[in-house]
2 protein chains.
Amino acid sequence: MSVLSRRLVLLGMAAGAAVPTHLALSAEQVLPSWRDGAARDAILRFVQETTDRSSPHFVPEPERIAAFDQDGTLWVERPMYSQVIYCLDRVPAVVRAKPELAQVEPFKTVLRGDHAAIARLSMPDLEKILVATLTGMSVDQFASEVKAWLTSAKDPRWHRPFTDLTYLPMIELLQYLRANGYRTYIVTGGGQDFVRLYAEAVYGIPPEQVVGTAGAVDYHYAKDGKPVLIKQPKLLLNDDKAGKPEGIYFMIGRRPYLAFGNSVGDREMLEYTKAGAGARLALLLLHDDAKREYAYGPAKGLPPSKVGTFTQALYDEAMKQEWVVVSMQNDWERVFAFGQ
Amino acid sequence: MSVLSRRLVLLGMAAGAAVPTHLALSAEQVLPSWRDGAARDAILRFVQETTDRSSPHFVPEPERIAAFDQDGTLWVERPMYSQVIYCLDRVPAVVRAKPELAQVEPFKTVLRGDHAAIARLSMPDLEKILVATLTGMSVDQFASEVKAWLTSAKDPRWHRPFTDLTYLPMIELLQYLRANGYRTYIVTGGGQDFVRLYAEAVYGIPPEQVVGTAGAVDYHYAKDGKPVLIKQPKLLLNDDKAGKPEGIYFMIGRRPYLAFGNSVGDREMLEYTKAGAGARLALLLLHDDAKREYAYGPAKGLPPSKVGTFTQALYDEAMKQEWVVVSMQNDWERVFAFGQ
């Protein structure tokens, strides 16, 4: 895309309508943390094509949906998903309420604080921890527990609140899309009601635009007669892999024009997005920056990871289907708002 | 509410922000199909209280959610829910595709066109018809079947497309709320993906703001390798009674400030809405107008109905909880856009 056509996009020609003055930015001012290159160009071209009324691929504003995975796409997912750290951090409080759990696995291991043993916990053991810490309480109690944790907990590497570990280039991309009439959705394998508690403040994404793995809630009456919703250990939506397009159909009812992921859990969402008519953009973030964040794959020979698997097969499909692979190392000038 | 304070609301003082000129209507121009009275006053007062920045009950715009039942609240539900009529109308096509069903109940009865026998069908028999006509196809095929039916089918009383049988006062109310920064949602026991196919054109409500009873879809690959979503006979969300607040939590993640229903299926949604802090408005439509529409209850001695049961117990709860009961006969100047 030439500098001229870029400027046209940015000056609002793309929106096909009046654009607030602050959006009339020069090419350099848009996506400032993105380096010049194929990935940034593909994004600018996609927005231009879908928002310019004279383009054959113009998309009316109500249909402009962009779907973003969260863990490893909008924020750091290593060494563990933040929500899993939340659940582990909640175990002492759960055991205080039910002291008999102190002698029962896997709670015993978690209480001991043995990081190596915790990292080796089996999936059924992990599920016991998720059920004990994420269900059985009212949705209001859950919300206050999560909010308290978000203000106090620190990540193990940068020693910052987890919500600081969002990628600045992605925040800029969300804002850029919204400024061009797109509604930005999170479509995450993480817990829907967990993510909803900070998505508005952190990403500018309101609760109703967060689609995630969700458990059932049951309608009950409290002692004062008021209705309460109690979180149940019953899965309603497993929003991962094929569950992502299924969840999008269920929760949004429209096919996205743009989807952004980083792992095999996002494959079907990207396929489904690209299979729609017109201009569609699918993107994958490759974590190849050990210095500023992490480097893991195993695509392109990067070391494999327990979370966020970007396999070589996924990379090959991306090449074949013309998905855009974004290299954290090469395409991002800056990774976090707080640092480099 | 005095005429003066009404005018202030309508002139945009209520919105706490610039209001487009076309919204600066006189009191008589707003909700023109509503008669002056307690119901209309309660609506205007609620909007004033929640949108006036100086009001103690001011609600920021992103939190302004209004939830509407559909059948019997936004459009006619008698003698049968329109979607059930759709399913019955689809039976011949289903039998053409699977001729062996012609000799099997309940399909045999439906094919015979025996209205009395059809009205007597048991719930398990009805479910067989719903499964046969609403599942097993791709979501795109389903959409084209429903759209074709919507343009050709006529209701048995007025002989008009079903989408003509929406209540004009309710359309005006949806528009009035949206003009005041509310997002209007449908929260229906009807099929979510059925209602989404006309809600935008008929009510101005986009697909992502329709919450309804929903079945699972499965992600498959068609012969050309493209992904398709196939509708499954597996219930994901039963959006009726307690399922309504549960569905609202799941799909929206915010408690509505206004909820409007007409039957025992809406009770929990209205309770949940009113239990929130600040100004909340719960409304119930009483069908007491046999001449212009239908009269059924059994509240207030109206004859009972197979659909949309407004029981005396619901009426009593409405009085106790200060829900507003809207009388179709007394509160509406006009019922339909096409007639009286």
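Refer to the structure printed above.
Fair warning: this is a prediction, and the values are worked out from it, not measured in the lab.

A. Structural detail: the overall build of chain A. Helices and strands together make up the secondary structure of chain A, namely 13 helices and 7 strands. For 340 residues, the compact-globule estimate of 2.2 N^0.38 gives 20 Å, and the C-alpha radius of gyration of chain A, at 21 Å, lies within 12% of that figure. Structurally, chain A occupies a C-alpha span of about 70 × 50 × 35 Å along its principal axes. Per-residue burial over chain A gives 56% buried out of 340 residues. For chain A, contacts bridging at least 24 residues in sequence account for 63% of all contacts bridging at least 6. Surface summary for chain A: the accessible area is close to 14,200 Å², and the carbon and sulfur share equals 55%. Both charge centroids of chain A, one from 39 positive and one from 40 negative side chains, sit 2 Å from each other.

B. A look at the sheet that holds strand E2 (residues 183–191) of chain A. With respect to topology, 7 strands assemble into an open sheet ordered E4-E3-E2-E1-E5-E6-E7 (chain A), the strand pairing being mixed. In this open sheet, the two strands that pair with only one neighbour each are strand E4 (227–237) and strand E7 (324–327) of chain A. Looking at each pair of strands side by side, their axes are set apart by 30° on average, direction ignored. Across 4 bridges, strand E1 (residues 65–68) of chain A lies against E2 of chain A in parallel orientation. Counterpart to alanine 66 of chain A in the pairing with E2 of chain A is threonine 184 of chain A. Along the sheet face, helix H11 (residues 267–274) of chain A touches E1, E2, strand E5 (258–261) and strand E6 (281–286) of chain A and points at about 160° away from the line of E5 of chain A. Contacts between helix H10 (residues 243–251) of chain B and the sheet are confined to strand E3 (210–221) and E4 of chain A, with E3 of chain A contributing the most and set at about 155° to the helix.

C. Molecular detail of the pattern of salt bridges. All names here are of chain B. The final tally for this structure, using the stated rule, is 34 salt bridges over all chains. The closest approach of N and O atoms between aspartate 36 and arginine 40, which form a salt bridge, is 3.8 Å. Overall, the relative accessible area of 59% leaves aspartate 36 in the exposed class. Owing to a relative accessible area of 4%, arginine 40 belongs among the buried residues under this scheme. Aspartate 114 is the partner of arginine 112 in a salt bridge, and the nearest nitrogen-oxygen pair spans 3.6 Å. Classification of aspartate 114 by relative accessible area gives partly exposed; the value is 28%.

D. Quick look at the interface of chain B and chain A. Residue-level contacts link 35 residues of chain B with 35 residues of chain A. Both sides of the chain B and chain A interface together cover about 3,200 Å² of buried area, and 57% of this is carbon and sulfur. The largest contributions to the chain B side of the interface with chain A come from Tyr219, Tyr249 and Phe250 of chain B, which together make up 24% of the buried area. Taken together, chain B and chain A are joined by 6 salt bridges. A salt bridge links glutamate 208 of chain A to arginine 183 of chain B, with the shortest nitrogen-to-oxygen separation between them at 2.3 Å. Taken together, the links from chain B to chain A amount to 24 residue pairs in polar contact (both at pLDDT 80 or more). Sorting the residues of the side of chain B that touches chain A by element identifies strand E2 (183–191), helix H9 (192–203), strand E3 (210–221), strand E4 (227–237), H10 and helix H11 (267–274) of chain B as the ones contributing at least two each.

What counts and what doesn't
- Residues numbered from 1 in each chain as written.
- Chains lettered and ligands numbered in written order.
- Predicted model: local features only at pLDDT ≥ 70, side-chain atom pairs only at ≥ 80, totals over all residues.
- Heavy atoms only, no water.
- Helix = DSSP H or I, 4+ residues; strand = E, 2+ residues; numbered from the N terminus.
- Rg over C-alpha atoms; globule rule 2.2 N^0.38 Å.
- Buried < 20%, exposed > 50% of the residue type's maximum accessible area, 1.4 Å probe, protein only.
- Contact = heavy atoms within 4.5 Å.
- Areas by Shrake-Rupley, 256 points an atom, 1.4 Å probe, with all protein chains shown as cover.
- Lys, Arg positive; Asp, Glu negative; His and termini not counted.
- Charge placed at Lys NZ, Arg CZ, Asp CG, Glu CD.
- Pairing = 2+ DSSP bridges.
- Axes fitted to C-alpha atoms, helices over the stretch in contact; angles between N-to-C directions.
- Salt bridge = Lys/Arg side-chain N within 4 Å of Asp/Glu carboxyl O.
- Buried area = accessible area lost by both parts, 1.4 Å probe.
- Polar contact = N/O pair within 3.5 Å; in protein donor to acceptor, adjacent residues only side chain to side chain.

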